[in-house]
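In case you want the letters, here they are:
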Amino acid sequence: MQTFIFALIMAKQEDQFKKVLSHAKEYGYVFQSSEIYDGLSAVYDYAQNGVELKKNIRDYWWKAMVQMHENIVGIDAAILMHPTTWKASGHVDAFNDPLIDNKDSKKRYRADVLVEDFREKINQKIQKDVAKAQKRFGDAFNEEEFRATNQNVIRRQKQIDEISAELTRVQEESDLVGFKQLIVDLGIGCPASGSKNWTEVKQFNLMFGTQIGASAENSTQVYLRPETAQGIFVNFLNVQKTGRMKIPFGIAQTGKAFRNEIVARQFIFRMREFEQMEMQFFVKPGTQKEWYENWKGSRLKWHLSLGMGEENYRFHDHDKLAHYADAAADIEFNFPFGFKELEGIHSRTDFDLKAHEEFSGKKLQYFDHTENKSYVPYVVETSIGLDRMFLAVFSNSLQEEALDNGTTRTVLKLPAVLAPYKAAIFPLVKKDGLPEVARKIMDDLKWDFNVFYDEKDAVGKRYRRQDAAGTPFCITVDHDSLEDNSVTIRHRDTMEQKRVAISELKEIIKAEVDVKTWLQKIDS
Ligand code: GAP
């Protein structure tokens, strides 16, 4: 029975995810890259609406991170960097994924992802048991007690803990033989074919290499950056000196990063070319734990300000820390395929700056006037994938709503501050001077907001199109507008329609889409 329920949940998740994919294409948000040539795996293009949503998310981050903090500034470093950068950062030697092939299906997988997915299935069984018990016991239900006493939950949790411990061990010790043994011991089959006929586990470097130079003899091997962070580290002293920055201070950057991902699936969740929004916060050694907790809190608040449901976020504190980190956590989001990493917050110690000092022979130190001494600062990093944030916002917003009249509507309830178009303007009919009035409203509003004009089809159909595209307001000009200078404004989420003066439109829209209103929620 439980397997059946689990299969049903998975089918429902897959179904919802398929809807997200087709909606993203149909409404001009995301296209497969080079689609006419059958596409390029894990590479996507943002379409006319997608590019606006993506820009609005980036701006929302930049406003909160850079412009609202006097001690954080931005840069835009180049994608190509001196190749020694990647030697110093450890990416040449250690930016690897453990790979395993299935000999029968010829499919390639990340060994850690196979184990993690297996573990997540056990976790979902626990969630199911908890949900069932909660339903049975109602208000009297005590989840903590249930988890501590229910034999099925105890057994499954023990299994999860054992898997986690062994996964951490094989990763930390780079024990590739042990990695394969773990997969064999857990009886994990190929997700495509079920076959358990596996090769050994191998390491695979994720960086894309290319050449700079005109001829083969004189060319230099360079890499497309796999993270934007290193562009910040190598500019640390330039920014500190020219900006006369005092510790603690931050440097932020948004930009493309590239990884030759092996398991490229789940749409824009894991791409080969993607965009990061990162901030490195330079602090006095010894204060990093405090700043780490501080940034964990502020980043969660930033997410919550968008109103996508507190229950859809959770922290995952890392047991296995990278060699350079003394603390790390992910903010996970409830994607259509379950809770997955959306953002990472890492306390990176002085590892990167010290490594760049060593490899470049240049000092990367800060003179602290209050202490009267120089030191290499410690760094707390916040790093979020813009494309992942896009997927979180888009998938969470896409809803099918049952209406009172027995029909359904598809509505993309994007947070209004992020919506590509803030309002769509319609003349009721394409004659009698109505388009002229609608155009005039459009010409006035476009100075303040991105607005859309549509005069095709019946007005009800136009409303539905804008609901599905995520536009928060529709404004309809009718024959009365010619007499009384008023229009009908319809709200996407409530579908409520109100008659308002044309002169009031700007304020009504602003009240709902203004960045200030949204970001102020962080402090309240
Ligand atoms: N500088 C630290 C760093 O790059 P990361 O955990 O590897 O850390 C940070 O990446 C964020 O970048 C992730 O939380 C995720 O949102 C995003 N990201 C990483 N790989 C990605 C990929 N292949 N496709 C889309 N987003 C990715």
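Trainee: How should I be thinking about unusual backbone geometry in this particular structure?
Mentor: Of all residues except glycine, most have a negative phi; of all peptide bonds, most are trans. Omega for the bond connecting Ile247 with Pro248 falls within 30 degrees of zero, at 5°, which places this linkage in the cis form. As for its placement among the helices and strands, Pro248 is situated in the loop between helix H10 (236-242) and strand E9 (249-258). Notably, Ala42 is not glycine yet its phi reads approximately 65°, a positive angle. Assessed through its relative accessible area of 6%, Ala42 is described here as buried.

Trainee: Help me understand the site of the ligand, please; the structure alone is not making it clear to me.
Mentor: Around the ligand, a shell composed of 21 residues is seen, among which Glu227, Arg259, Met271, Glu278 and Glu341 lie nearest. Between the ligand and Arg259, the relevant distance is 2.8 Å, taken from an oxygen atom to a side-chain nitrogen or oxygen of the residue. In the environment of the ligand, a nitrogen atom lies 2.8 Å from a nitrogen or oxygen atom belonging to the backbone of Met271. Here the ligand, which alone exposes 550 Å², has 91% of that area covered by the protein. Counting residues per element, the ones that place at least two in the shell around the ligand are strand E10 (273-283), strand E13 (338-349) and strand E16 (378-385).

Trainee: Before we go on, may I ask you to explain the domain arrangement of the protein chain in this structure?
Mentor: You'll often see interface size given as the accessible area lost when the parts meet. Domain annotation of the protein chain identifies domain 1 (1-82 + 225-393), domain 2 (96-205) and domain 3 (421-522). Put simply, the middle of domain 2 and the middle of domain 3, counted by C-alpha atoms, are 50 Å apart.

Trainee: Would you explain the sheet that holds E9 in this entry?
Mentor: As a general point, the strands of a sheet are linked pairwise by backbone hydrogen bonds and lie either parallel or antiparallel. In spatial order, the strands read E3-E9-E10-E16-E13-E12-E11; together these 7 strands make up an open sheet with mixed pairing. The open sheet has two free edges, formed respectively by strand E3 (72-74) and strand E11 (313-317), since each of these has just one partner strand. Going from strand to strand, the sheet's axes swing by 25° on average, the running direction of each strand aside. Sheet strands touched by helix H13 (residues 386-397): E10, strand E12 (327-335), E13 and E16. Its angle to E16, the strand with the most contacts, is close to 45°.

Trainee: Quick question: what am I supposed to make of the side chain of Asn102 here?
Mentor: Looking at the element boundaries, Asn102 is found in the loop between strand E4 (96-101) and strand E5 (108-110). Reaching out from Asn102, the side chain makes a polar contact with the backbone nitrogen of Ser105 at a distance of 3.1 Å.

Cut-offs applied
Residues numbered from 1 in each chain as written. Predicted model: local features only at pLDDT ≥ 70, side-chain atom pairs only at ≥ 80, totals over all residues. Heavy atoms only, no water. Helix = DSSP H or I, 4+ residues; strand = E, 2+ residues; numbered from the N terminus. Buried < 20%, exposed > 50% of the residue type's maximum accessible area, 1.4 Å probe, protein only. Near = heavy atom within 4 Å. Polar contact = N/O pair within 3.5 Å; in protein donor to acceptor, adjacent residues only side chain to side chain. Areas by Shrake-Rupley, 256 points an atom, 1.4 Å probe, with all protein chains shown as cover. Domains from an automatic or database assignment. Pairing = 2+ DSSP bridges. Axes fitted to C-alpha atoms, helices over the stretch in contact; angles between N-to-C directions. Contact = heavy atoms within 4.5 Å.

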